[in-house]
Structures are given as C-alpha cells and as structure tokens.
Amino acid sequence: MAEATKIPITALTGFLGSGKTTLLNYILEHNHGLKIGVVVNDYGSVNIDAQLIAGKTDTMLELTNGCICCSMEGLELDEAIGQFAYPGTPIDYIVIEASGLAEPADLARTLREAAGRFTMLDSIVAVIDAMNAEENAEGHATALQQIEYSDFVIINKIDLVSAAKVEQLSELARGINPRVRIFTAVKGVVDVRLLLDQGRYAAPPTQLSSNGHAGHKHLHDHYATFSYATNKPLSPQAFQSFVNLHIPTSVYRAKGIVNLGNKGRRRKYIFQLVGKRAELTWDDWGAQQPSTDLVFIGRDFNEDAIRKLLEACIDDKPNEHDPAQEVVLPKRQR
C-alpha cells in the first residue's frame with residue numbers, strides 16, 4: 001500500500017462552549033507519538049493546557065510533547081498552514097481550531113484549496129454541546145452548517161443529558177447530514193486514532209491494538225477493524241455503488257487499494273473513506289501483483305454483510321470490453 005506523503009489536516013469546528021478547546025487539549029495529550037502542528041486564531045482565545053507549554057515566540061508556541069502551536073494573528077490560513085508544511089518538516093499532522101476563522105462552507109472550501117503539494121484535508125469535525133445544541137441550532141444557522149459540512153460529529157457533554165436526548169441529537173445530526181459519522185463524548189474524550197489518520201488502521205488487523213498485544217482485533221473495547229482481500233477484479237460501477245450507497249455509517253474510516261481490472265484501465269486505485277467523504281486516486285502497479293486489499297474501522301458493523309457486499313462487486317465479466325462500464329480516471333496519486 002502506498003505510504004501517504006502529505007501532512008493530513010483536521011479542522012475542529014463547533015459553536016461557542018461546545019468543548020473544542022477541551023477536545024484539542026485531549027488530542028495533544030494523547031497524540032500517540034505524532035508531532036502535531038496546531039493552528040489557532042490567537043493564543044489567548046484557545047486555552048492550551050499550561051503544562052503542555054515549553055516555550056513561546058511571536059508566531060509559535062512550543063509544546064512539551066513535540067507539538068507546535070501557531071497563532072493565526074496576522075496570518076492568512078494558508079500562511080499559517082505553511083508554518084508547518086514544507087520540505088523536511090518534523091510535523092506529522094496539522095489540527096486547526098476553527099472557531100472564528102470562517103463560515104463552515106467557506107472553511108471547507110478554503111481547506112480544500114489550501115491542500116496542495118505538502119498537505120491534504122483529512123477531516124472536518126463538528127463538536128456540539130449536548131445541553132445547548134437545540135437552542136444553538138434554532139438561533140444560529142452556523143451551528144447547523146457546522147454539522148452539514150462535517151465528516152464527524154462529536155456529541156459532547158453527554159453526561160449532562162439523558163440517553164434519550166443523546167439519541168434525539170443523533171437523529172438531528174443525521175437529518176442535517178445523513179452520512180455523517182457520530183461519536184459521543186464526555187469532556188471531549190474520544191479515541192484520537194479515529195479522528196486523526198495516523199496510517200495505523202491501514203495495517204493488518206493483527207497489528208492494531210490498544211495494548212500492544214499481537215492478534216488483538218479491537219482498537220479498544222468499542223471499536224474494531226475488518227479487512228477484505230481478493231485477487232479478482234472488481235466492477236467499477238458496482239464498487240462505486242458500494243461506496244456511495246452501502247457502506248454503513250458505523251464505518252468511520254476505510255483505506256486500501258482496489259483492483260478494477262481492464263475496466264479500470266489496469267491502474268492501481270488508492271481508496272480512502274473519512275466519515276462520509278470518499279476519495280479514489282490512482283497509480284501504477286509496478287511490480288506489484290494487482291489485488292484488492294481494504295481495511296475498515298468503525299463500531300458495531302456487520303462484517304459478514306460488508307464482505308457479501310464486496311463479493312457482489314467482483315466483476316463476473318472482467319474481460320468484456322464496454323467503454324460505458326470503464327472507470328473515469330480520478331486524479332493521480334502523488
């Protein structure tokens with residue numbers, strides 16, 4: 001599987017008081033060895049835990065865990081990202097605390113445009129306050145748009161409301177964004193490995209473990225991985241239908257390579273799903289034998305059902321030439 005060469009970017013959005021700062025601190029404290037570049041509006045507006053601060057310059061805040069925080073004061077967003085994205089950078093990941101940066105639609109567009117040679121947009125995360133979400137949604141269109149443009153929604157502070165209220169808010173989020181992936185949290189505590197693409201879920205399931213034990217299938221007690229492999233070519237149309245219509249929302253991330261055979265113009269396709277957003281890029285197989293190898297990570301999904309859906313994607317007429325069934329090439333993997 002091709003190794004990612006670009007720095008992934010995750011943006012944290014959410015209405016005032018939703019818990020973005022708490023989540024940001026939790027990510028920094030549980031970074032699993034990643035050197036994270038953090039982009040914020042102003043140091044004063046984001047209360048980075050004082051115990052994390054090692055030193056400060058005019059534009060950078062050095063953190064004790066190897067992460068670096070960059071103030072947006074006086075910088076455009078792409079300039080702030082450029083503080084971390086350059087040849088030889090030590091940064092593994094960029095997290096943007098997006099409060100006050102832009103309207104959700106503008107932010108999503110800006111992040112996609114800012115992604116270039118050295119960076120890629122991985123995900124947009126909307127944090128909502130379980131106690132005040134409905135009030136915020138009724139009074140502020142931005143609160144609804146943050147859900148609409150997100151890949152993941154975190155319903156935070158669930159310890160302060162009933163289970164029925166949490167389910168009601170989940171339905172509200174799905175009504176706004178039907179394919180969004182939803183987490184629940186207390187004080188922003190979620191599994192950071194699900195929010196940040198660390199490449200770990202692309203490994204075989206026996207290498208995925210929260211306690212270092214080989215063969216442990218679960219990321220932790222609530223999340224699991226499932227892998228699928230076949231040497232038979234998949235039908236481009238069937239695989240596209242699978243991605244667009246049949247991947248359950250309980251799958252949070254998926255990644256791998258796909259063999260679409262002759263109808264895929266004998267290219268190697270690199271597939272990535274983050275929340276609701278799927279991307280397919282291509283490269284050459286080189287000396288590698290064409291095959292499909294996919295990994296899914298999520299919660300409470302039916303492995304047998306996903307396997308059957310993928311088996312149904314196998315092309316029963318792989319040598320039949322039909323231009324209408326050929327894949328339209330997406331952008332090439334760089």
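Cut-offs applied
- Residues numbered from 1 in each chain as written.
- Predicted model: local features only at pLDDT ≥ 70, side-chain atom pairs only at ≥ 80, totals over all residues.
- Heavy atoms only, no water.
- Helix = DSSP H or I, 4+ residues; strand = E, 2+ residues; numbered from the N terminus.
- Buried < 20%, exposed > 50% of the residue type's maximum accessible area, 1.4 Å probe, protein only.
- Contact = heavy atoms within 4.5 Å.
- Pairing = 2+ DSSP bridges.
- Polar contact = N/O pair within 3.5 Å; in protein donor to acceptor, adjacent residues only side chain to side chain.
- pLDDT = per-residue confidence, 0-100.
- Phe/Tyr/Trp six-rings, centres within 6.5 Å; stacked < 30°, edge-to-face > 60°.
- Core = buried A, V, L, I, M, F, W, Y, C linked by side-chain atoms within 4.5 Å.
- Salt bridge = Lys/Arg side-chain N within 4 Å of Asp/Glu carboxyl O.

### Describing the overall build of the protein chain
Point 1. Of regular secondary structure, the protein chain possesses nine helices and 14 strands.
Point 2. For the protein chain, the residues scored as buried account for 48% of the 334 residues in total.
Point 3. Across the protein chain, every contact between residues at least 6 apart in sequence was considered, and the portion connecting residues at least 24 apart equals 75%.

### With respect to helix α1 (residues 20-29)
Point 1. The buried fraction of α1 is high, at seven of ten residues.
Point 2. Here α1 has its buried residues at Lys20, Leu23, Leu24, Asn25, Tyr26, Ile27 and Leu28.

### A word on the pairing of strand β13 (residues 277-283)
Point 1. Looking at chain direction, strand β12 (residues 268-274) and β13 are connected through seven bridges and run antiparallel. Its bridge partner lying in β13, Val274 is registered against Arg277.

### What about the environment of Ser123?
Point 1. Note that Ser123 resides in strand β7 (residues 119-129).
Point 2. Counting along the chain gives 151 residues from Ser123 to Val274, while the straight-line C-alpha distance between them is 6.6 Å.
Point 3. Leave out the neighbours within four places in its chain, and Ser123 touches Ile9, Thr10, Ala11, Asp151, Phe152, Leu195, Arg253, Val274 and Arg277.
Point 4. Within the local environment of Ser123, its side chain forms a polar contact with the side chain of Thr10, the two groups lying 3.1 Å apart.

### Points about the confidence of the model for the protein chain
Point 1. Looking at the protein chain as a whole, the pLDDT averages 81, with 80% of positions reaching at least 70.
Point 2. The secondary-structure element of the protein chain with the lowest mean pLDDT is strand β3 (residues 53-56), recorded at 71, while helix α9 (residues 303-311) shows the highest, at 96.
Point 3. Note on residues 200-221: pLDDT is under 50 here. Beyond four places in sequence and across chains, it has 45 contacts.

### Let's talk about the packing of aromatic side chains
Point 1. All told, the structure shown has six aromatic pairs when counted by the stated rule.
Point 2. Arranged with centres 6.1 Å apart and planes meeting at 35°, the rings of Phe239 and Phe242 form a pair that is tilted. Note that Phe239 and Phe242 are positioned in helix α8 (residues 236-246) at a spacing of three residues, about one turn of the helix. Judged on exposure class, the residue Phe239 and its partner Phe242 are both buried.
Point 3. Each ring, one from Phe242 and one from Phe296, has its centre 6.3 Å from the other, and the planes form 90°; the classification is edge-to-face.

### As for the nonpolar core
Point 1. Formed by 32 residues in total, the largest nonpolar core has its most connected members in Ile36, Phe183, Leu195 and Leu196.
Point 2. Elements with a contribution of two residues or more to this core: α1, β2 (36-40), β4 (60-63), β6 (93-97), β7, β8 (152-156) and α7 (192-195).
Point 3. Looking at this core element by element, the count peaks at five residues for α1.
Point 4. Once you skip the residues sitting within four places of it in the chain, Leu196 turns out to touch Thr10, Ile27, Leu34, Ile36, Tyr93, Val95, Asp122 and Arg253.
Point 5. Listed in part, the 22 residues of the second largest apolar core include Ile247, Trp282, Phe296 and Leu310.

### Here's the deal with unusual backbone geometry
Point 1. A positive phi angle, near 55°, is found at Lys187, a position not held by glycine.
Point 2. Along the chain, the position of Lys187 falls in the loop between β9 (181-184) and α7.
Point 3. A relative accessible area of 63% means that Lys187 is categorised as exposed.
Point 4. Here the phi dihedral of Asp300 falls at roughly 55°; this positive angle occurs in a residue that is not glycine.
Point 5. Following the sequence through the fold, Asp300 ends up in the loop between β14 (292-298) and α9.
Point 6. Overall, the relative accessible area of 70% leaves Asp300 in the exposed class.

### Things to note about the environment of Asp316
Point 1. Take Asp316: it is sitting in the segment after α9.
Point 2. Taking the C-alpha atoms as reference points, Asp316 and Lys232, separated by 84 residues in sequence, lie 9.3 Å from one another.

### Concerning the pattern of salt bridges
Point 1. A complete count under the given rule lists eleven salt bridges for this structure.
Point 2. Lys157 is the salt-bridge partner of Asp129, the closest N and O atoms lying 3.6 Å from each other. Here Asp129 is found in strand β7, whereas its partner Lys157 is found in the loop between β8 and α6 (163-176), with 28 residues between them in sequence.
Point 3. Salt-bridge contacts for Glu167 lead to Arg174; the nearest nitrogen and oxygen are separated by 3.9 Å.
Point 4. The network of salt bridges with shared partners includes Glu167, Glu171 and Arg174.

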